[in-house]
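# What the coordinates show
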Amino acid sequence: MTDRENALLAAVPNQLFIGGAWVDATGGTTFAVHDPATGQVVREVADATPDDGIRALDSAVAAQESWAATAPRARSEILRRAWELVQERAEDLALLMTVEMGKPLAEARGEVAYGGEFLRWFSEEAVRVHGRYGSNPEGTGQMIVSQHPVGPSYFITPWNFPFAMATRKIAPALAAGCTTVLKPAEATPLTSLFFAQLLAEAGLPAGVVNVVTTTSASRISAPLIADPRLRKLSFTGSTGVGRKLIAQAADTVLRVSMELGGNAPFVIFDDADLDKAVEGALAAKFRNIGQACTAANRFIVHERIAEEFAERITARVAAMRIGRGTEEGVTIGPLIDDDAVAKAAELVADAAARGAVVRTGGTRIDRPGSFYEPTVLTGVATGSAILREEIFGPVLAITTFTTEDEAVRLANDTEYGLVSYVYTRDLARGHRMIDRLETGMMGLNAGVVSNAAAPFGGVKQSGVGREGGFEGIHEYLATKYTLIPND
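Scope of this entry: the structure provided in the associated data block. Remember, predicted model here, so these are calculated numbers, not experimental data. (Residues numbered from 1 in each chain as written. Predicted model: local features only at pLDDT ≥ 70, side-chain atom pairs only at ≥ 80, totals over all residues. Heavy atoms only, no water.)

## Overview of the overall build of the chain
The condition is simple: Per the convention used, a helix needs a DSSP run of H or I reaching at least four residues, while a strand needs a run of E reaching at least two, with both numbered from the N terminus. Throughout, radius of gyration means the C-alpha value; the globule benchmark is 2.2 Å times the number of residues raised to the power 0.38. Note on contacts: a residue pair is in contact if any heavy atoms of the two residues lie within 4.5 Å. For the accessible areas, the method is Shrake-Rupley and the probe is 1.4 Å, while residue cover comes only from the protein chains on display. The convention is simple: Lys and Arg are positive, Asp and Glu are negative, and His and the chain ends are not counted. By convention, the point assigned to a charge is CZ for Arg, NZ for Lys, CD for Glu and CG for Asp.
Each helix and strand counted, the chain has 15 helices and 22 strands in total. Its C-alpha atoms give the chain a radius of gyration of 23 Å, near enough to 23 Å, the size a compact globule of 487 residues would have. The principal-axis extent of the C-alpha atoms belonging to the chain is close to 75 × 65 × 40 Å. In the chain, the proportion of contacts linking residues at least 24 apart, taken out of those at least 6 apart, comes to 73%. Within the structure as shown, the chain displays about 18600 Å² of accessible surface, and the carbon and sulfur contribution to it stands at 52%. In the chain, 46 positive and 59 negative side-chain charges are present, and the distance between their average locations comes to 2 Å.

## Some remarks on the sheet that holds strand β18 (residues 419-423)
Strands belonging to one sheet form pairs held by backbone hydrogen bonds; the direction of such a pair is parallel or antiparallel. What counts, and what does not: In this description, strands pair whenever DSSP reports at least two bridges between them. Angles run from 0 to 180 degrees between N-to-C directions of axes, and those axes are lines fitted to C-alpha atoms, restricted for helices to the stretch in contact.
Overall, mixed pairing links the seven strands, which are arranged β14-β15-β16-β13-β12-β18-β19 in an open sheet. The open sheet has two edge strands, β14 (357-360) and β19 (441-444), and neither has a second partner. Averaged over all adjacent pairs, the angle separating strand axes in this sheet is 25 degrees, with direction ignored. As paired strands, β14 and strand β15 (residues 375-378) are joined by three bridges and run antiparallel to one another. Directly across from Thr360, in β15, lies its bridge partner Val376. Sitting on the sheet, helix α10 (residues 274-286) touches β12 (264-268), β13 (296-302), β15, β16 (395-401) and β18, and the angle it makes with β12 is about 170 degrees.

## Describing the layout of surface pockets
The following threshold applies: In the cavity and pocket records, a cavity denotes points on a 1 Å grid over the protein atoms alone where a 1.4 Å probe fits but cannot get out, a pocket denotes an open set with protein on both sides within 12 Å along at least 5 of 7 lines, and lining residues are residues with an atom within 4 Å of a point. Grid points are joined across faces, edges and corners, and a volume is the space filled by probe spheres set on the points. Residues are grouped as follows: nonpolar covers Ala, Val, Leu, Ile, Met, Phe, Trp, Tyr, Cys and Pro; charged covers Asp, Glu, Lys and Arg; every other residue, Gly included, is treated as polar.
Space inside the second largest pocket adds up to approximately 240 Å³. In this structure, the second largest pocket is lined by Arg298, Ile300, Thr382, Gly383, Leu387, Arg388, Thr399, Thr400, Arg409, Leu410 and Asp413. When contributions to the lining of the second largest pocket are tallied by element, the ones reaching two or more residues are β13, β16 and α13 (404-412). Taken together, the residues of the lining of the second largest pocket break down into three nonpolar, four polar and four charged.

## Considerations on the packing of helix α1 (residues 3-11) against helix α4 (residues 90-101)
Applied cut-off: In this scheme, roughly parallel covers angles under 35 degrees and roughly antiparallel covers those over 145, while 65 to 115 is roughly perpendicular and the rest are oblique.
Where α1 contacts α4, the axes come no closer than 10 Å and their chain directions differ by 95 degrees. Between α1 and α4, the angle falls in the class roughly perpendicular. Taken together, the residues of α4 that come into contact with α1 (itself represented by Arg4, Glu5, Leu8 and Leu9) are Glu91, Asp92, Leu95, Leu96 and Val99. Classifying every residue of the contact of α1 with α4 by side-chain character gives five nonpolar, no polar and four charged.

## Details of the pattern of salt bridges
Quick reminder of the rule: When a carboxyl oxygen of Asp or Glu is within 4 Å of a side-chain nitrogen of Lys or Arg, the pair counts as a salt bridge.
By the definition in use, this model includes 31 salt bridges. With its nearest N and O atoms 3.1 Å apart, the salt bridge here joins Arg354 to Asp350.

## Here we look at α13
What counts is decided by this rule: Relative accessibility decides the category of a residue: with a 1.4 Å probe and only protein chains considered, values under 20% of the type maximum give buried, values over 50% give exposed, and everything between is partly exposed.
Within the sequence span of α13, burial applies to Glu404, Ala407, Val408, Leu410, Ala411 and Asn412. The elements touched by buried residues of α13 are β12, β13, β16, α14 (427-436) and β20 (459-460).

## Here we look at the sheet that holds strand β6 (residues 141-149)
Strands sit in the order β5-β6-β22 across an open sheet of three strands; the sheet is antiparallel. Looking at strand neighbours, the two that pair on one side only are β5 (132-135) and β22 (477-485), the edges of this open sheet. Between one strand axis and the next, the sheet turns through 20 degrees on average, direction left out of account.

## Quick notes on the nonpolar core
The cut-off we apply is this: Within this scheme, the nonpolar core is defined by two criteria: the residues are buried Ala, Val, Leu, Ile, Met, Phe, Trp, Tyr or Cys, and they are joined through side-chain atoms within 4.5 Å.
Ranked by internal contacts, the top residues of the largest apolar core, which has 64 residues, are Leu119, Ile170, Leu174, Leu190, Leu204 and Val209. At nine residues, helix α6 (residues 164-176) tops the list of elements feeding residues into this core. Counting residues in each nonpolar core, the second largest holds 55 residues, with Leu274, Val278, Ile305 and Leu335 among its members.

## Looking at the pairing of β13
Applied cut-off: By convention a crossover is right-handed if, when the strands point away from the viewer, the path from the first strand over the helix to the second runs clockwise.
With seven of seven residues buried, β13 lies mostly within the body of the structure. Where β12 meets β13, five bridges bridge the pair, whose relative direction is parallel. Paired with Pro265 across the two strands is Arg298, which belongs to β13. Once the chain exits β12 it traverses α10 before rejoining the sheet at β13, and the crossover so formed is right-handed. Direction of pairing for β13 relative to β16: parallel, over a ladder of four bridges. Bridge assignment links Ile300 to a residue of β16, and that residue is Thr399.

## Some thoughts on the packing of aromatic side chains
Heads up, the condition is: Pairing of aromatic side chains requires ring centres within 6.5 Å, counting the rings of Phe and Tyr and the six-membered ring of Trp. Pairs whose planes differ by under 30 degrees are stacked, by over 60 edge-to-face, and all others tilted.
One pass over the structure, following the stated rule, counts 11 aromatic pairs. An angle of 40 degrees between the planes, with centres 4.6 Å apart, marks the rings of Phe17 and Trp22 as tilted. Look at Phe17 and you get buried, because its relative accessible area is 6%. The partly exposed category is assigned to Trp22, whose relative accessible area is 26%.

Here's what the structure looks like:
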């Protein structure tokens, strides 16, 4: 650890943020946060109990009425100020993420820019919540349709994008007039604690955002979800956990947004610009070390160009520099933990046993930390686990197709439907893919699709609801219809 890293870590609050104050967990318990590149403990933070979770909800409930009544312009200005503070502290945020999550520093800077945009976008949307007014069809009265904050909201965020996933949920909630409780991932709580500090500096009133860090998400979440005062749940994570949360939310008919697992197809037709396809593949697969729900999981390549694509992509992957994300020129950092390494190794071994060829990589790196070699597989057979399961690692698996119909069938052959990628020069084919591929998002000749101004979300078992774009704020608004008779 460098002196700068130590100074930054020491400046990050390590308590719970409840009611605008930094407080210890009940009983004073803490847990360790590790650097996945070294395995070393970098900070101890408060380990919240269920009572702490309820305290946080109490605070959010107490602040709800006044925050909802706060002028939209005032909410907008606080979000804008938060965005400005993020720009001022961008290097600190990026370094903090690299230390606790492992991504290369250049990518962490990209996440700061991306995550910050949700603050700026929704600062602009806060003053644009509209309703409508007009006569009913019978001419007997006037109809008013108005929008109102849903109410206290509970957010569960993942470890892979610790800043952007927090801003993508908190920013629209605050813009709509909702108070919140945030539970960040156990592996990466420091970024959320740092962000809470920035929100306080931006002038956010006490209790509007509360942060509880814990080693037991279920112990915290269950009583919160069961509490009738909570009106909204937003979760980003695995489909398996999402199903359980939806089931729990049913008891109180809690409004939910779920951004769940992915199994993204990356389809390359034989008329594609192969140079662009290679660059897009590298971005779609190896961004965040492959640890993204939007990561391309299955490369479905036309048989006429499959070998050339494999040769080109293998050469690029073999040249990737592996190391701690703070090191100059590193493009592949560690996976989040040893379990992630074991999963990648298991999926590669299964594919190889079924006849796949390992073109490069394929082994764990013998060094401190949780590193796995960036890997390219060709000839991946139908039935391989790697084609069904979300990889969440730096493994690129290639299979082939002959006809457009076959490509569509292979791409849609999954219970997931978050994002797809298609490379073709044929405009008509591209439009057909928009209609035929069963995903909530698509990159047409593009390897990165996420944008704060666009609705992010999936279909099938990849979730419900949308985050970002004009649609994002409506997840936190309830529609009310009022009739005023003419006589």
